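Structural features, examined
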Amino acid sequence: MKTRPVAEQKPQARPRLVDGQLFKLALLGSLSWLTANQEEVNRLNVFPVPDGDTGTNMLLTLQSAVEDIRESDAKEISKIAALAAHGSLMGARGNSGVILSQIFRGFAKHVQGKAELTPAELADAFEEAANAAYRAVIKPTEGTILTVAREAGKAAKAAAANPDAGVDTVVRAAARAAKTATDNTPTQLAILHEAGVVDAGGFGLQVIFEGFLKTVEESDPAAVPARPAGSGKALPAQRSLELPEEGWGYCTEFLIEGRGMSVEEIRDNIAGMGNSALVVGDEELIRVHVHTNEPAKVLAYASGVGTLARTKVDDMSKQHRVILDDTVPAEPQGNGKLAVADAQRKRPNGVGLVAVVAGGGLTEIFKGLGVDAVVEGGQTMNPSTNDMLKAVESIPYDEVLLLPNNANVILAAQQVPDLTEKKLYLLGTRTVPQGIAAVVAFNPNRDAKANQLAMAEAANQVQTIEVTHAVRDTTANGVKVKKGDVIALINDKLKHSGSDYGDVVSLALKDIKPESYELVTVYRGDGAKDKDLKVLTEAIGRDFPGLEVEVQDGGQRHYPFILSVE
Amino acid sequence: MSTAEQQADPPGVLRRARDRGRIEVFPSVVAAMAGHAAVACYGVMGMSARGLRDGVAQLLRRENLDRGVDVHEVDGQLVIDVYVIVEYGTRITAVAQNLQSTVRFEVQRLLGVPVGEVNVFVQGVHEDTPSG
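Residues numbered from 1 in each chain as written. Chains lettered and ligands numbered in written order. Predicted model: local features only at pLDDT ≥ 70, side-chain atom pairs only at ≥ 80, totals over all residues.

**With respect to the overall build of chain B**
Helix and strand content of chain B: 2 helices and 6 strands. Beginning at the N terminus, the succession of helices and strands in chain B can be written as β-β-α-β-β-β-α-β. The proportion of buried residues among the 132 residues of chain B is 42%. Across chain B, every contact between residues at least 6 apart in sequence was considered, and the portion connecting residues at least 24 apart equals 64%. (Helix = DSSP H or I, 4+ residues; strand = E, 2+ residues; numbered from the N terminus. Buried ≥ 20, exposed ≤ 12 C-beta atoms within 10 Å, placed from the backbone. Contact = placed C-beta atoms within 7 Å.)

Next up, the structure:
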């Protein structure tokens, strides 16, 4: 975890009060920082159920919390906090998400009726937020997000006792205590110690405090309209429902990947092109959020700085109309999106196919093979049971074969049969190649039961090698791995590590008795480099001349290469 | 997975055939495990006696946790019903889903027997009163 060097304090820039707008900006800072750390939080997740989705769940919950406050001009912190509490409640996912929503709820309750908070009041609110979180559990487990929330609140309170304390002092104390508490979690919870990780939810909350701190430390006094003392009552807050003259512009969000980028310089430039600009990150990865009338200009500038990813431009006038129409916003995007295949002729056996897949190329492959509906999801972005249920319900068949294609998805998939009237057959496919092999074995003239057996058999015959990078040092299955190493998983189990794609893949292929197979299909992931692909395919050609190699565009995240050996 | 169960077994006893003899676990043990896992779940304020008497959900005392749990076997798999009281103001669907996955995970971890279903019955909500 990088800690931000504490700059020499500039008293003139220190906010003395937190109002609604500063709180809103700070939460947006939390959101950006959590977005940047989402994967790391996912990786840490071993408790209470090691399903690797804590980061995603916390992020979706926080996204839902800030959804309504993004466009709010409310100056009162009570209003912004209430919106955040409501949003997080409605979008809470997973254990840590529910706890996070209780934290927001406790905070909002405590600041009810307040327009702004002094540093001491802010510290009280942090503490009360933690207390509220504790009240919703009878047997709190220490060494979790709860502990981290409590320690952060305590430290904030202690820091606020100093009469010179500013808002930044209090938030800094909370963020630091959150980090210390997170680092301590393995001493409190044995399973964390065993796995050699800190608590995922605790770390997530630490990240949320850190993102909050970044904003508070960097907040420009001009952005926090300081109300001159004795100026009497402020003007009534403008109703946010009036359309500003220049229109709402476009909410533009993207990531810039590059090398040696200057966050400050990019922030200055982007801030000049719109408002509500939020530019956070480091030299290699920067997240940008800005409201602008000229998104094309912003994107053109940014693409000159580095490579753009996850670009999202929303017309805010449209969003606003949606809010006015009182339309219920759709489920959070990006997870479990539904892509239903074009209407096609029904099969003779009346059996439909639904698959869970991550990656544009893979979606095309599965659809090309005749899968009726694809649920987007997979490693670290597990679709919910509901996402799968919707897909199952959306297709015109009463009997459905469901392929989870990921070990982490199987659990959620097991719930689907209880929720649908349709007859559901679940296949235990744990990897993408298993899923493809199974779909290929599907026979539209045989009944569902016979197909289920044949498909499971086919899935068992294919060997899967997944190649990716280690995100932290660890030891698993007796394999020692250093952060950044190339690692290979054979059928979902970590087997080899090294520094070179070619070497690692050769070792993995050796393990699975290459002489009994003929074809290696390489599914190329999102962000896989040409030169790595070349190294990998050349190594296979050199070490295993008997194997034919075929490359397909998979577009999956996290795994630059997935190899199917059959 | 579990094909060891025979019809001749006395009802209500879980069995797993092992190489070196038999292991029997009584449903009340499974219920206790499930109950302990459930009350450690965030948002769960207590177990409640199954079924409502006079429409009033009754919060069970600590030592009676297993009374809020029903365990039965269907096709050789465990089906666990848990009856709970949930904190007011939490997203109940999320709490219930967490409860399902935690109970399933804990029972499978402790017993090594696959759990077919975990059904959650929210019998009431509890509203917290800030103390201080």
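Here the narrative resumes, following the displayed structure.
**Some points on the interface of chain B and chain A**
Think of interface size as the accessible area that goes away when the parts come together; that is how it is often given. Taken together, the 18 residues of chain B in the interface contact 21 residues of chain A. Counting residues per element, the ones that place at least two in the side of chain B that touches chain A are strand S3 (44-47) and helix H2 (92-111) of chain B. For the side of chain B that touches chain A, the leading source of residues is H2(B), giving 6 residues.

**Some words on the packing of helix H1 (residues 20-44) of chain A against helix H9 (residues 200-218) of chain A**
Residue and element names in this part refer to chain A. Their axes nearest at 7 Å, the elements H1 and H9 cross at an angle of 150°. As summarised for this structure, H1 and H9 are arranged roughly antiparallel, according to the angle between their axes. The interaxial crossing formed by H1 with H9 has right-handed handedness. Each of Leu-25, Ala-26, Gly-29, Ser-30, Leu-31, Ser-32, Trp-33, Leu-34, Asn-37, Val-41 and Leu-44 in H1 lies in contact with H9, whose residues at this interface are Ala-200, Phe-203, Gly-204, Val-207, Ile-208, Glu-210, Gly-211, Phe-212, Lys-214, Thr-215 and Val-216. When its residues are assigned to classes, the contact of H1 with H9 shows 13 nonpolar, 7 polar and 2 charged. (Axes fitted to C-alpha atoms, helices over the stretch in contact; angles between N-to-C directions. Parallel < 35°, antiparallel > 145°, perpendicular 65-115°, else oblique. Left-handed = near helix turned anticlockwise from the far one by under 90°. Nonpolar A, V, L, I, M, F, W, Y, C, P; charged D, E, K, R; others polar.)

**Brief notes about the sheet that holds strand S18 (residues 548-553) of chain A**
All names here are of chain A. Pairing is mixed across the open sheet formed by 6 strands, whose spatial order is S16-S15-S12-S19-S17-S18. Two strands lie at the open edges of the sheet, namely strand S16 (493-498) and S18, each paired on one side alone. Mean inter-strand twist for the sheet, computed between neighbouring axes without regard to direction, equals 20°. Both strand S12 (residues 463-469) and strand S19 (residues 561-565) contribute to a ladder of 5 bridges, which runs antiparallel. In the sheet register, Glu-466 faces S19, and the bridge partner there is Ile-562. (Pairing = 2+ DSSP bridges.)

**Digging into the nonpolar core**
Among the nonpolar cores identified, the biggest contains 111 residues, and A:Ala84, A:Ala152, A:Val170, A:Ala174, B:Ala34, B:Ala38 and B:Val82 are the most heavily contacted of them. With 11 residues, the single largest contributor to this core is H1(A). Setting aside anything within four residues of it in sequence, one finds A:Ala84 in contact with A:Leu27, A:Ala65, A:Val66, A:Ile69, A:Phe104 and A:Ala108. (Core = buried A, V, L, I, M, F, W, Y, C linked by C-beta atoms within 7 Å.)

**Some remarks on the environment of B:Thr90**
Here B:Thr90 lies in the loop between strand S5 (77-87) and H2. Along the chain, B:Thr90 and B:Val44 lie 46 residues apart, while their C-alpha atoms are 9.6 Å from each other. Those residues within four positions of B:Thr90 in sequence are excluded, and the remaining contacts are A:Val98, A:Gln102, A:Ala136, B:Gly43 and B:Val95.

**Digging into unusual backbone geometry**
Negative phi is the rule for most residues except glycine; trans is the rule for most peptide bonds. All names here are of chain A. Going from Phe-47 to Pro-48, the amide bond is cis rather than trans, its omega being -10°. Relative to the elements of secondary structure, Pro-48 occurs in the loop between H1 and helix H2 (54-67). Even without being glycine, Asn-405 reaches a positive phi, approximately 60°. In the Ramachandran plot, Asp-492 falls in the positive-phi region, its phi being about 80° despite a non-glycine side chain. Mapped onto the elements, Asp-492 comes out in the loop between strand S15 (486-490) and S16.

**Side note on the environment of A:Gly377**
Turning to its location among the elements, A:Gly377 is positioned in the loop between strand S9 (373-376) and helix H14 (385-394). Between the alpha carbons of A:Gly377 and A:Val356 there is a distance of 6.0 Å; along the sequence they are 21 residues apart.

**Details of the packing of H2(A) against helix H3 (residues 77-91) of chain A**
Residue and element names in this part refer to chain A. One can describe the packing of H2 onto H3 by two numbers: an axis separation of 7 Å at closest approach and a directional angle of 140°. Relative to H3, the element H2 lies oblique. As H2 packs across H3, the resulting crossing turns out to be right-handed. Packed against H2, whose contacting residues are Leu-60, Thr-61, Gln-63, Ser-64, Ala-65, Val-66 and Glu-67, the element H3 presents Ala-84, Gly-87, Ser-88, Met-90 and Gly-91 at the interface. Class assignment for the residues of the contact of H2 with H3 results in 5 nonpolar, 6 polar and 1 charged.

**Some details on the confidence of the model for chain B**
Of all residues in chain B, 69% have pLDDT values of 70 or greater, and the mean over the chain is 77. At the low end of the mean pLDDT range in chain B sits strand S1 (residues 14-18) of chain B, at 57; at the high end sits H2(B), at 91. (pLDDT = per-residue confidence, 0-100.)

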